[in-house]
Amino acid sequence: MYALYITHPQVRIDPNVPVPQWGLSELGAERARLAASRPWAGKLGLIVSSGERKAIETAEALATAGNASIEIIEATHENDRSATGFLAPPEFEKAADWFFANPHESFKGWERAIDAQTRIVSNVEAVLARHDPKVPIAFVGHGGVGTLLKCHLQGKPIARQGDQPPGGGNLFCFDLAKRAVSCDWTPMEDWMGWA
């Protein structure tokens, strides 16, 4: 059986609101509802979400497709960037490039990429260790740690080349037995499901 890692789609950016409290934009919410209408969403038995509002809203939309329960695991949050606060998109993209290019160093107090990778991998593995491998599962979270997880599963060094396309709301699929990525980043509403 397979697992999905799904990133939240577009959010309402508000520099006056802490990033973990940002919710989905109208476009992001619509994309989540569209993904929930796909046959694969109804097959999910468990959806694990980070505690950030945008991830929870995505998980809740997907859970409407079937009987999947939602489990919130705070430690699956995005890489901690609180040291710099909000960065406008051009500055953020430069910072993200640096974050991935220098995984053993901190960008102005950010959580190091290597530490964020260890955190997301260990939390995903802890869930999978107690999860029935015959039941499809989805992890809903964030692009940065999702990319770090994907790099690990592919046995590749941390690099931004493995990052999702802009906009969020993408998923990749991996085999539960082999922990092998079987589908690269795909918009969640376009994915056709397990082969």
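Before going into details, it helps to say that this report is about the structure given with it. Remember, it's a predicted structure, so these values are computed and weren't measured experimentally.

**Notes on the layout of surface pockets**
- Of the pockets and cavities examined, the largest pocket occupies roughly 1200 Å³.
- Broken down by element, the lining of the largest pocket gets its largest block of residues, six residues, from helix α4 (residues 89-101).
- Taken together, the residues that form the lining of the largest pocket break down as 19 nonpolar, 14 polar and eight charged.

**Comments concerning empty space enclosed by the protein**
- One pass over the structure, following the stated rule, counts one cavity of 30 Å³ or more.
- Among the residues making up the lining of the largest cavity, the classes are represented as five nonpolar, two polar and no charged.

**Here's the deal with the sheet that holds strand β1 (residues 2-7)**
- Read from one edge to the other, the open sheet built from six strands follows the order β3-β2-β4-β1-β5-β6, with strand pairing classed as mixed. Sheet topology places β3 (69-72) and β6 (181-187) at the edges, where each strand pairs with a single neighbour. Pairs of neighbouring strands in the sheet enclose a mean axial angle of 20 degrees, with direction left out of account.
- Examined bridge by bridge, β1 and strand β5 (residues 170-175) share five bridges and lie antiparallel to one another. Among the inter-strand pairings, Tyr-5 is bridged to a residue of β5, identified as Phe-172.
- Strand contacts of helix α3 (residues 53-63): β1, β2 (46-49), β3 and β4 (137-141), with the helix running at about 170 degrees to β2, the strand carrying the most contacts.

**Observations concerning the pairing of β3**
- The pairing of β2 with β3 spans four bridges and is classified as parallel. When the bridges of β3 are listed, Ile-47 appears paired with Ile-70.
- Once the chain exits β2 it traverses α3 before rejoining the sheet at β3, and the crossover so formed is right-handed.

**Description of the pattern of salt bridges**
- Evaluated as defined, the whole model comprises 13 salt bridges.
- Ionic pairing is found between Glu-78 and Arg-81, a salt bridge with its closest N-O pair at 3.8 Å.
- Here Glu-93 ties to Arg-160 by a salt bridge, and the two come within 2.6 Å at their closest N and O atoms. Here Glu-93 is found in helix α4, whereas its partner Arg-160 is found in the loop between α6 (143-153) and β5, with 67 residues between them in sequence.

Rules of the game
Residues numbered from 1 in each chain as written. Predicted model: local features only at pLDDT ≥ 70, side-chain atom pairs only at ≥ 80, totals over all residues. Heavy atoms only, no water. 1 Å grid on protein atoms, 1.4 Å probe; cavity = no way out; pocket = protein on both sides within 12 Å on 5 of 7 lines; lining within 4 Å. Points joined across faces, edges and corners; volume = space filled by probe spheres on them. Helix = DSSP H or I, 4+ residues; strand = E, 2+ residues; numbered from the N terminus. Nonpolar A, V, L, I, M, F, W, Y, C, P; charged D, E, K, R; others polar. Pairing = 2+ DSSP bridges. Axes fitted to C-alpha atoms, helices over the stretch in contact; angles between N-to-C directions. Contact = heavy atoms within 4.5 Å. Right-handed = clockwise from strand over helix to strand, strands pointing away. Salt bridge = Lys/Arg side-chain N within 4 Å of Asp/Glu carboxyl O.

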